[in-house]
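So the chains spell out like this:
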Amino acid sequence: MSDKTPAQLASTSADAVRALIHATFASPQAEWEFPGDAYSVVGGLSELARMLPQALDQIARHVEQLHTAGHIRSDRGGDGAGEVADALRALEFAAADAGQLSSRLETVHSALGPLAYKY
C-alpha cells in the first residue's frame, strides 16, 4: 500500500508521463537511440493502459457507494442523482476507451518487437 492518496498517485502518474514526453523529444540520446528503446517504452505504456479500466471502474464504484449512502449532493442543487448518473456513464465510456487504447498499444508493442538497429 502507498502512503499517498489516490489523487496524489494520479498526479504522480501524470508527472511521469509528462517527463516521458520530455525524455522522448530529443533523439537520439542515451537510452533513446535504438528500436528496442521504443519497444520498451511502449511496453510500459501498454502496462499502464491495461490497468486504467480497473482504476476507472473502482472510481465509479466509489462514487456510486457515496451516492447510495446519501453522501453526495450537487452544487447545482438537489441530491446529485443526475450528475452521478452522468459521471458513472462517462467513467464507463472512459474505461472502455482505455481498454481499446491498451489493445492498440499491445499491437504497437508487437509491431516494434522484430525491429533492430542497423549499424
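Conventions adopted
- Residues numbered from 1 in each chain as written.
- Predicted model: local features only at pLDDT ≥ 70, side-chain atom pairs only at ≥ 80, totals over all residues.
- Heavy atoms only, no water.
- Helix = DSSP H or I, 4+ residues; strand = E, 2+ residues; numbered from the N terminus.
- Rg over C-alpha atoms; globule rule 2.2 N^0.38 Å.
- Buried < 20%, exposed > 50% of the residue type's maximum accessible area, 1.4 Å probe, protein only.
- Contact = heavy atoms within 4.5 Å.
- Patch = residues over 30% accessible without salt bridge, like charges linked within 9 Å, V, L, I, M, F, W, Y side chains within 5 Å.
- Areas by Shrake-Rupley, 256 points an atom, 1.4 Å probe, with all protein chains shown as cover.
- Salt bridge = Lys/Arg side-chain N within 4 Å of Asp/Glu carboxyl O.
- Core = buried A, V, L, I, M, F, W, Y, C linked by side-chain atoms within 4.5 Å.
- Polar contact = N/O pair within 3.5 Å; in protein donor to acceptor, adjacent residues only side chain to side chain.
- pLDDT = per-residue confidence, 0-100.

1. Focus: the overall build of the protein
A count of helical and extended segments in the protein gives three helices and zero strands. What you see in the protein, going N to C, is helices and strands ordered as α-α-α. Against the globule reference of 14 Å for 119 residues, the protein gives a C-alpha radius of gyration of 19 Å, more extended than a compact globule. Once the C-alpha set of the protein is aligned to its principal axes, its extents read approximately 65 × 30 × 25 Å. Relative to its full complement of 119 residues, the protein shows a buried share of 17%. A separation threshold of at least 6 residues defines the contact pool for the protein, and within that pool the share at least 24 residues apart is 63%.

2. Let's talk about unusual backbone geometry
If you check the backbone angles, E31 has positive phi at about 65° while not being a glycine. Among the secondary structure elements, E31 is positioned in the loop between α1 (6-25) and α2 (35-68). The exposure class assigned to E31 is exposed, which follows from its relative accessible area of 69%.

3. Considering a nonpolar patch on the surface
A grouping of V17, I21, L48, L52 and L101 is seen on the molecular surface, where their side chains present a nonpolar patch of about 380 Å² in accessible area. Of all the elements in the fold, those that place two or more residues in the nonpolar patch are α1 and α2. With a relative accessible area of 33%, V17 lands in the partly exposed category.

4. What about the nonpolar core?
Judged by nonpolar contacts, L56, A60, V63, V84, L88, L91, A95 and A98 together constitute the single largest core of eight residues. The set of elements that each furnish at least two residues to this core consists of α2 and α3 (81-112). If you tally residues by element for this core, the top one is α3, at five residues. Every residue in contact with L91, bar those within four places of it in the chain, is listed here: L56, I59 and A60.

5. Remarks on the environment of W32
Among the structural elements, W32 can be located in the loop between α1 and α2. Beyond its immediate stretch of four places on either side in the chain, W32 contacts A23, T24, A26, S27, D37, A38 and V41. In terms of polar contacts, W32 uses its side chain to reach the backbone carbonyl oxygen of T24, at 3.4 Å.

6. Comments concerning the confidence of the model for the protein
It should be kept in mind that the predicted coordinates are not to be read in detail where pLDDT is low. Residues at a pLDDT of 70 or more form 100% of the protein, whose mean pLDDT is 96. Within the protein, α3 carries the highest mean pLDDT (98), whereas α1 carries the lowest (96).

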